[in-house]
Structure formats: structure tokens, C-alpha cells
Amino acid sequence: MIQVRHLTKIFNEGSIDEKKALDDLSLDIRDGDFICMIGANGSGKSTLLKCLSGALICEEGSIVMDGKDITLDSQHKRAHEIGHLFQDPMAGSAPHMSVEENLALAAKNGGWLSFIKEKDRKQFKEKLSALDMGLEDKLSVPVGSLSGGMRQALTLVMNTIRKPKLLLLDEHTAALDPQSAAKVLELTEKAVSDKKLTCLMVTHNMQTALDLGNRLIMMHEGKIVLDLNKEEKEKLTVEDLIAMFRSSTKKDLQNDRMLLL
Ligand SMILES: Nc1ncnc2c1ncn2[C@@H]1O[C@H](COP(=O)(O)OP(=O)(O)OP(=O)(O)O)[C@@H](O)[C@H]1O
Ligand SMILES: [Mg+2]
């Protein structure tokens, strides 16, 4: 269980560029929740994920995970329990290291890389075979030479090889070609359901947000303006969602990127 209370994040405070990216935001993430998060550009989605992973520290508010206050814990410390995938497939792995070296580091979760044992190599092969992308035959290939889709699939395995308490996905398929995006999304769904992960996934695709997970959250100007459970969202169409956005924000989404995907 993760309890987010009154989180406020202000960039460039006191300057002409001051921006309140999170505005007194509170949220309970229950164990096993698979939350799809949508919202217009600049509504604070990535900032929330970064505050959860510790990449950003908030000025106000608190984050409690399983009863422990982690508000001021470093990103490095939180990385033991919180996985974070980004839009850029190049962001989550070391390009000059091989596939198996990246996996070995992820399995150990930091520290020095030592000799990879045969039983670990066998486990890596099994996990990669399950992706059905041929990665199991590329254990010694440098990750930098893989395609974006392969690299993002590998990053997903790296982030779930030790079950994280929370998996954060920030538009992790948006930079991929449609086929690879569909594949990585399918692998995501499988990983979340097989391992019973708690997951917060940002997407600009409203249909995906309606189809996946047990909860849908919409952000606007640093606040949560909609929080729907599975039964509520199952009945909705994309058009209903747009209408709900309009009525809760008094704004129009017509020109927003959300509608174009
Ligand atoms: N490091 C930063 N410095 C200054 N302002 C920032 C920084 N990061 C984000 N912002 C601002 O905070 C607001 C929220 O940004 P954020 O990236 O969280 O939005 P988002 O909902 O993820 O948008 P998108 O859908 O475009 O990814 C925006 O106005 C953005 O310009
Ligand atoms: Mg973002």
C-alpha cells in the first residue's frame, strides 16, 4: 500500500517561470492495483512518477510505502523497491554492457558485477524466451545494438526480475513502432498479472487506459480530477471519457495530443 498525501511540487519557485506541477495531490495505491493514468500534456503525470521514484523530491507532502515514510529517501535507495520505465527505450539499460550483464546487475540490484553463474544464465534465458523476441540468443550482445522494442522489453524484464513493490511506466511504448508497442504492452500486461505487480502506467492512449488495469486516473493541472474503478471504466467509451474531462475541468481536449493516438 502506498499513501501519497498532499504532494506539491513547484519548479523554479519565486521566478517568472514558476510552475506548480503537483498541487496538493493525494492518492492511495493499493497492493495489486494496475492504474492507467491519463491527462493532457503538462498536467503533472511524469512529475508524479518522478516524485514516487525519488528522481524528484517534493517541497510538501509525504509518501508512505507499506507503513514506511520514504518521502526523503534517495532514488538510489527507492530503486530497490520501485521500478521506473521511461518513454525513451535507451534510458533504462547500459548500452555498452551485454544483455546478460544488464540482467545480472538488475537481478542483484546494484553493486559490482561479478562472474555470471550458469544457473543465473539459464534463468535469464528462460525469462527472455518467454518474450518470444529471440533475445535468448543474444545474451552476449551489447544492449546498445538492440532495436528499441527489444530494449524496452529487456528493460521491462530488468525492472520486474525482482518483484518491485511498485512499477512505474511513463509512456513506455510511445516511442516504439506500432508493432513493437503492441508487443511491449502485451508483455507488460502479462508481467503485471503473472507477478501480481502494483503498477502505475501513464498513457496518452485513452482506449488503452480503458482496456487495461483495474483503475483509471485522470490528471489536470497537478491534481487528480477523475479516479474510476474497473466497473466504472468498463462501461465507458473514449467519447464518455472526453466528456468527463470537459465537465470536470471546463476545458476542451480537441487539440490535445491525447486524442491523436
Ligand atoms: N525539470 C523541470 N523544470 C521546470 N519545469 C518542469 C520540469 N519538469 C516538468 N516541468 C513542468 O511541470 C509541468 C508538468 O510536467 P510533466 O512533465 O509532469 O507533465 P506530463 O503530464 O508528464 O506531460 P506530458 O504528457 O507532455 O508528458 C509542465 O508545465 C512542465 O513544463
Ligand atoms: Mg510526461
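Details of the structure are given in the entry above.
Residues numbered from 1 in each chain as written. Chains lettered and ligands numbered in written order. Predicted model: local features only at pLDDT ≥ 70, side-chain atom pairs only at ≥ 80, totals over all residues. Heavy atoms only, no water.

Enquirer: Could you clarify how one ought to interpret the overall build of the protein in this entry?
Expert: Broken down by element type, the protein carries nine helices and ten strands. Against the compact-globule benchmark of 18 Å for 261 residues, the protein has a radius of gyration of 19 Å, which places it among compact chains. Along the longest, intermediate and shortest principal axes, the C-alpha atoms of the protein span 60 × 40 × 35 Å. The burial tally for the protein puts 48% of its 261 residues in the buried class. If you take every contact in the protein between residues at least 6 apart in sequence, the share linking residues at least 24 apart comes to 66%. In the form shown here, the protein has an accessible surface area of approximately 12700 Å², with 51% of it arising from carbon and sulfur atoms. Counting 35 positive and 39 negative side-chain charges, the protein places the centres of these two groups 4 Å from one another. (Helix = DSSP H or I, 4+ residues; strand = E, 2+ residues; numbered from the N terminus. Rg over C-alpha atoms; globule rule 2.2 N^0.38 Å. Buried < 20%, exposed > 50% of the residue type's maximum accessible area, 1.4 Å probe, protein only. Contact = heavy atoms within 4.5 Å. Areas by Shrake-Rupley, 256 points an atom, 1.4 Å probe, with all protein chains shown as cover. Lys, Arg positive; Asp, Glu negative; His and termini not counted. Charge placed at Lys NZ, Arg CZ, Asp CG, Glu CD.)

Enquirer: Please explain the site of ligand 1 as it appears in this structure.
Expert: Among the 14 residues in the neighbourhood of ligand 1, the closest are listed as Gly42, Lys45, Ser46, Thr47 and His204. Gly42 places a main-chain nitrogen or oxygen 2.8 Å from an oxygen atom of ligand 1. In the environment of ligand 1, an oxygen atom lies 2.8 Å from a nitrogen or oxygen atom belonging to the side chain of His204. Computed on the free molecule, ligand 1 has an accessible area of 640 Å², of which 65% lies beneath the protein chains in the complex. Mapped by element, the contributors of at least two residues to the shell around ligand 1 are strand 2 (19-29) and helix 1 (45-53). Broken down by element, the residue count for the shell around ligand 1 peaks at three residues, all from helix 1. Residue composition of the shell around ligand 1, grouped by class: three nonpolar, eight polar and three charged. (Near = heavy atom within 4 Å. Polar contact = N/O pair within 3.5 Å; in protein donor to acceptor, adjacent residues only side chain to side chain. Nonpolar A, V, L, I, M, F, W, Y, C, P; charged D, E, K, R; others polar.)

Enquirer: Please explain the packing of helix 5 (residues 148-160) against helix 6 (residues 178-194) as it appears in this structure.
Expert: To describe two helices that pack against each other, one gives the angle between their axes and the distance between the axes. For the pair helix 5 and helix 6, the least separation of the axes is 9 Å and the interaxial angle reads 10°. On the basis of their axis angle, the class for helix 5 and helix 6 is roughly parallel. Packed against helix 5, whose contacting residues are Gly149, Gln152, Ala153 and Leu156, the element helix 6 presents Ser180, Val184, Leu187 and Thr188 at the interface. When its residues are assigned to classes, the contact of helix 5 with helix 6 shows four nonpolar, four polar and no charged. (Axes fitted to C-alpha atoms, helices over the stretch in contact; angles between N-to-C directions. Parallel < 35°, antiparallel > 145°, perpendicular 65-115°, else oblique.)

Enquirer: How should the sheet that holds strand 5 (residues 68-69) be read in this particular structure?
Expert: Pairing between the strands of a sheet comes from backbone hydrogen bonds, and it takes one of two forms, parallel or antiparallel. Ordered by their spatial adjacency, four strands build an open sheet running 2-1-4-5, and the pairing between neighbours is antiparallel. Only two strands of the sheet have a single neighbouring strand rather than two, namely strand 2 and strand 5. Across five bridges, strand 1 (residues 2-11) lies against strand 4 (residues 60-65) in antiparallel orientation. Within the sheet, the bridge partner assigned to Gln3 lies in strand 4 and is Val64. (Pairing = 2+ DSSP bridges.)

Enquirer: When you look at the packing of helix 3 (residues 99-108) against helix 5 in this model, what are you seeing that I'm missing?
Expert: Where helix 3 meets helix 5, the axes come as close as 8 Å, and the angle between the chain directions of the two elements is 25°. Considering the angle they form, helix 3 stands roughly parallel to helix 5. In terms of crossing hand, the pair formed by helix 3 and helix 5 is right-handed. Listed contacts from helix 5 to Val99, Asn102, Leu103 and Ala106 of helix 3 are Leu154, Val157 and Met158. Of the residues that constitute the contact of helix 3 with helix 5, the class distribution is six nonpolar, one polar and no charged. (Left-handed = near helix turned anticlockwise from the far one by under 90°.)

Enquirer: Whenever I open this one, the sheet that holds strand 7 (residues 166-170) confuses me. Can you help?
Expert: Across the sheet, which stays open at both edges, the six strands sit in the order 6-7-8-3-9-10 with mixed pairing between neighbours. The open sheet is flanked by strand 6 (82-85) and strand 10 (223-229), the only strands paired with a single partner. On average, each strand axis in the sheet is tilted by 15° relative to the strand beside it, whichever way the strands run. Two strands pair when backbone bridges link them, and strand 3 (residues 34-39) and strand 8 (residues 199-202) are joined in this way by four bridges, in the parallel orientation. Across the sheet, Phe34 pairs through a bridge with Cys199, a residue of strand 8.

Enquirer: Looking at this structure, I do not really get helix 3. What am I missing?
Expert: At 3.6 residues per turn, the α-helix brings residues three or four places apart onto the same side. Taken together, the buried positions of helix 3 are occupied by Val99, Glu100, Asn102, Leu103, Ala104 and Ala106. Packed against the buried residues of helix 3 are helix 4 (118-129) and helix 5.

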